[in-house]
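Listed here are the chains, written in short residue letters.
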Amino acid sequence: MTFDWEVVDEFMPRFWDGVLVTLQALALGTLIAFALGLVWAMAQRAPQRWVRWPVTAVTEFIRNTPLLVQLFFLFYVVPQWGPSMSPLTTGIVGLGLHYSTYTAEVYRAGIEGVPVGQWEAAKALSLSRGRTWSSVILPQAIRRVVPALGNYVVAMLKDSPMIAVIGALDMLGEARQFSNETFTTEAITVVGVAFIVIAYPASLLIRVLERRLVNNT
Amino acid sequence: MSTTPDSTTENPPVDGSELIRFDNVTKRFGDNVVLDDLCFDVSSGKHVTLIGPSGSGKTTILRLLMTLVEPDSGTIKVNGDYLFHEERNGKLEPAGENHIREVRKNIGMVFQQFNLFPNMKVMRNITEAPVHVLGMAKDEAEARARELLELVGLTEHIDKYPTQLSGGQQQRVAIARALAMRPQVLLLDEVTSALDPELVAGVLDLLRDIAQTTDITMLCVTHEMNFARDISDDVLMFDAGKIIESGPPEKIFSEPEEERTQQFLNAIL
Ligand SMILES: Nc1ncnc2c1ncn2[C@@H]1O[C@H](COP(=O)(O)OP(=O)(O)O)[C@@H](O)[C@H]1O
Ligand SMILES: [Mg+2]
């Protein structure tokens, strides 16, 4: 069997559709994962126990169940009593939610790495809790965890094809459908290359960010 | 330490009125009774030094005032207000966060390990709390920070990060940061014991200067006995969570009544 460039040509329109889905899922999923993870991590330091333990329970639960199950749940079960969302939106929320439980752990490690003397100094100056977080603790905590957060962006990219199971056709989803219809394999190769093309600059970007943040003390 | 005239007004106390008062304060960590039914008071403008062997509870007193730990029983008053309690319908009840914050604003603290914010330059270390806690305008806070940096002799380091400074310089910034809140009381917990020996004198001189030229009240834990002798109006000798002896430095250092005090002084001098 030879590699047929005409097949590639034919796949291209659907490939770009898939790329768009993949990039949206990655960008928005990352946004959710980074923001929500921070909320989880901060909530786990809340003074009130009734805030801490439900958050711990929920994040543990989400982290320890498969993403696939969560995607099905969000797509088929949640709409029965809650909002129903498009496949892509569901996929984005699912990826973001799932990965937020990982980023929460990363943030938590970063927060715990800030010496207790920093909390005490903030308290001695009567800084409010919000101020203490935003100007003292988080700038120090996040700086040290940017590389670890970045790794989860790449991991999320690799998990993003799962959203095809609920009908959000990412680039791999498009390729599989195309290949099944045309009895060809070229599309799969194209997508394999595309993953590298996206992942590599992403990891370079993370490294640049890391250097700027870490050396900026 | 004194019997004091009443200070029930809301105004800042005139010199000599009672600023800090511990009444029957007990603090335990597990079975360890760290402060045992402690009573003492400090008058406004006085410099009081806490001495005593390691583990006798000196730091715990400062941490109580900073509300970093809570007492198991007893009451603490700062400038006439209960620190951990609020009076409601004539009854003492545990205070809310806002009340505690308001009372604590009267108190500044300098730590052994400096605890400057490493993510902020010197200037912002000093202005952060005045701007965001006292609501001071940024210009005003920065002008005040410059004055304070002049006082502590670090004007040229205003745009540096703490890690670019020596330990002694960092501690002086920490002192400036505490003073920027214009506290009535300054708590100092072994502020020179993390410093290289050659840097100690500079910081102690600065504190002597502050003690002499301002009317700030100081509560100071130190092992620097010469410094304690110079600045103190009163010395409290602690042992096992109790004040076993107190008085002016001439008396405590030269002719202590308690044998424990004598032993302690012999051991460290
Ligand atoms: N957070 C804490 N948990 C348990 N024990 C503590 C804690 N802080 C202080 N202690 C204990 O309280 C006692 C008094 O400590 P401290 O006030 O630091 O004494 P000092 O400053 O006079 O050396 C010590 O026995 C110490 O081990
Ligand atoms: Mg101590």
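Everything below is about the structure printed above this text.
Values in this document were obtained by computation on a predicted structure and should not be read as measured data.

The rules behind these values
- Residues numbered from 1 in each chain as written.
- Chains lettered and ligands numbered in written order.
- Predicted model: local features only at pLDDT ≥ 70, side-chain atom pairs only at ≥ 80, totals over all residues.
- Heavy atoms only, no water.
- Phe/Tyr/Trp six-rings, centres within 6.5 Å; stacked < 30°, edge-to-face > 60°.
- Helix = DSSP H or I, 4+ residues; strand = E, 2+ residues; numbered from the N terminus.
- Lys NZ or Arg CZ within 6 Å of the ring centre and 35° of its normal.
- Expected span 1.5 Å × (residues − 1).
- Bend = angle between axes of the 7 residues up to and from the residue.
- Salt bridge = Lys/Arg side-chain N within 4 Å of Asp/Glu carboxyl O.
- Buried < 20%, exposed > 50% of the residue type's maximum accessible area, 1.4 Å probe, protein only.
- Lys, Arg positive; Asp, Glu negative; His and termini not counted.
- Contact = heavy atoms within 4.5 Å.
- Near = heavy atom within 4 Å.
- Polar contact = N/O pair within 3.5 Å; in protein donor to acceptor, adjacent residues only side chain to side chain.
- Areas by Shrake-Rupley, 256 points an atom, 1.4 Å probe, with all protein chains shown as cover.

Turning next to the packing of aromatic side chains. Taken as a whole, this structure holds eleven aromatic pairs over all chains when the rule is applied. Seen from their ring centres, A:Phe11 and A:Phe178 are 5.1 Å apart, and the 45 degrees between their planes marks the pair as tilted. Of this pair, A:Phe11 sits in helix 1 (residues 5-43) while A:Phe178 sits in helix 7 (residues 171-182), placing them 167 residues apart in sequence. One Lys or Arg, B:Lys77, reaches over the ring of B:Tyr82 and ends 4.8 Å from the middle of that ring.

Take helix 4 (residues 87-112) of chain A next. Taking 1.5 Å as the rise per residue, helix 4 of chain A with 26 residues should run 38 Å; its terminal C-alpha atoms sit 37 Å apart, in good agreement. Taken as a whole, helix 4 of chain A carries its principal kink of about 30 degrees at A:Ser100.

Another aspect to go through is the pattern of salt bridges. Residue and element names in this part refer to chain A. Summed over all chains, the structure comprises 22 salt bridges over all chains. Glu105 is paired through a salt bridge with Arg63; the nearest N and O atoms lie 3.7 Å apart. You can see Glu105 sitting in helix 4 and its partner Arg63 sitting in helix 2 (residues 49-63), a full 42 residues away along the chain. Assessed through its relative accessible area of 28%, Glu105 is described here as partly exposed. In this structure Arg63 comes out as buried when scored by relative accessible area, which is 14%. Where salt bridges share partners, they join Glu60, Arg63, Glu105, Arg108 and Glu112 into one cluster.

Let us look at the side chain of B:Arg104. Relative to the elements of secondary structure, B:Arg104 occurs in helix 2 (residues 97-104). One buried charged residue, B:Arg104, forms no salt bridge at all, with the nearest opposite charge on B:Glu97 at 4.6 Å. Excluding anything up to four places from it in sequence, B:Arg104 contacts A:Lys123, A:Ser126, B:Leu65, B:Met66, B:Thr67 and B:Leu83.

This part takes up the site of ligand 1. All names here are of chain B. Within the structure, ligand 1 sits among Phe29, Asn32, Val34, Pro53, Ser54, Gly55, Ser56, Gly57, Lys58, Thr59 and Thr60. Between ligand 1 and Asn32 there is a distance of 3.2 Å, counted from an oxygen atom to a side-chain nitrogen or oxygen. The protein chains hide 59% of the 560 Å² of surface that ligand 1 would expose on its own. When residues of the shell around ligand 1 are traced back to their parent elements, those giving at least two are strand 2 (32-43) and helix 1 (58-65).

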